Amino acid sequence: MSAAKDTRLQGRIAVITGASSGLGKATAIKFANSGARIVCADLKSSGVEEELIKLHGKEAATFIPCDVTQESQIEAL
């Protein structure tokens with residue numbers, strides 16, 4: 001018996017700050033596994049977006065450099 005695929009976030013876009021490591025990375029992976037397209041925002045890329053693209057296709061994730069301590073960069077997201 002196989003587990004049903006989780007599609008709760010199918011068709012949604014999630015912007016995840018701190019997506020390059022730790023809880024942010026874990027959240028990005030979990031949300032992508034649930035069907036969301038992910039915008040990975042962090043100071044530098046650790047490659048999480050490439051991991052998500054390999055698992056879920058080229059539309060699964062993108063990386064945008066962002067310093068969340070800078071309001072202008074948050075607004076630009």
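Bear in mind the structure is a predicted one, so any value in this text is a computation, not a measurement. (Residues numbered from 1 in each chain as written. Predicted model: local features only at pLDDT ≥ 70, side-chain atom pairs only at ≥ 80, totals over all residues. Heavy atoms only, no water.)

A.B. asks: Hey, could you go over the pattern of salt bridges for me, with residue numbers and the actual values?
C.D. replies: Side-chain pairs of opposite charge can arise where the charged atoms are in close proximity. All chains considered together, the criterion is met by three salt bridges. Linking Arg8 and Asp6 is a salt bridge whose minimum nitrogen-to-oxygen distance equals 2.8 Å. Where Glu51 meets Lys25, a salt bridge forms, and the shortest distance between an N and an O atom there is 3.3 Å. Note that Glu51 is positioned in helix H2 (residues 48–56) and Lys25 in helix H1 (residues 22–33), a separation of 26 residues in sequence. Residue class for Lys25 comes out partly exposed when judged on its relative accessible area of 24%. (Salt bridge = Lys/Arg side-chain N within 4 Å of Asp/Glu carboxyl O. Helix = DSSP H or I, 4+ residues; strand = E, 2+ residues; numbered from the N terminus. Buried < 20%, exposed > 50% of the residue type's maximum accessible area, 1.4 Å probe, protein only.)

A.B. asks: Please provide a residue-by-residue account of the nonpolar core, values included.
C.D. replies: One finds Ala14, Ile16, Ala19, Ala28, Ala32, Ala36, Ile38, Cys40, Val48, Leu52 and Ala61 forming the largest nonpolar core, which totals eleven residues. Those elements that provide at least two residues to this core are strand E1 (13–17), H1, strand E2 (37–42) and H2. Those residues in contact with Ala28 that sit more than four places away from it in its chain are Ile16, Ile38 and Leu52. (Core = buried A, V, L, I, M, F, W, Y, C linked by side-chain atoms within 4.5 Å. Contact = heavy atoms within 4.5 Å.)

A.B. asks: Give a detailed account of the pairing of strand E3 (residues 61–65), specifying residues and quantitative values.
C.D. replies: Summarising the sheet, E2 and E3 pair through five bridges and their orientation is parallel. Within the sheet, the bridge partner assigned to Ala41 lies in E3 and is Ile64. In terms of handedness, the path from E2 via H2 over to E3 forms a crossover that is right-handed. (Pairing = 2+ DSSP bridges. Right-handed = clockwise from strand over helix to strand, strands pointing away.)

A.B. asks: Could you give an account of the sheet that holds E2, with specific residues and numbers?
C.D. replies: Note: strands within a sheet are paired through backbone hydrogen bonds, in either parallel or antiparallel orientation. With parallel pairing, three strands are arranged side by side in an open sheet as E1-E2-E3. Of all strands in the sheet, those with a lone pairing partner are E1 and E3, marking the two edges. On average, each strand axis in the sheet is inclined to that of its neighbour by 20 degrees, with strand direction left out of account. Strand contacts of H1: E1 and E2, with the helix running at about 170 degrees to E1, the strand carrying the most contacts. Packing against the sheet, H2 makes contact with E2 and E3, and its axis sits at approximately 170 degrees to E3. (Axes fitted to C-alpha atoms, helices over the stretch in contact; angles between N-to-C directions.)

Read these as layout, nothing more, since geometry by itself doesn't imply function.
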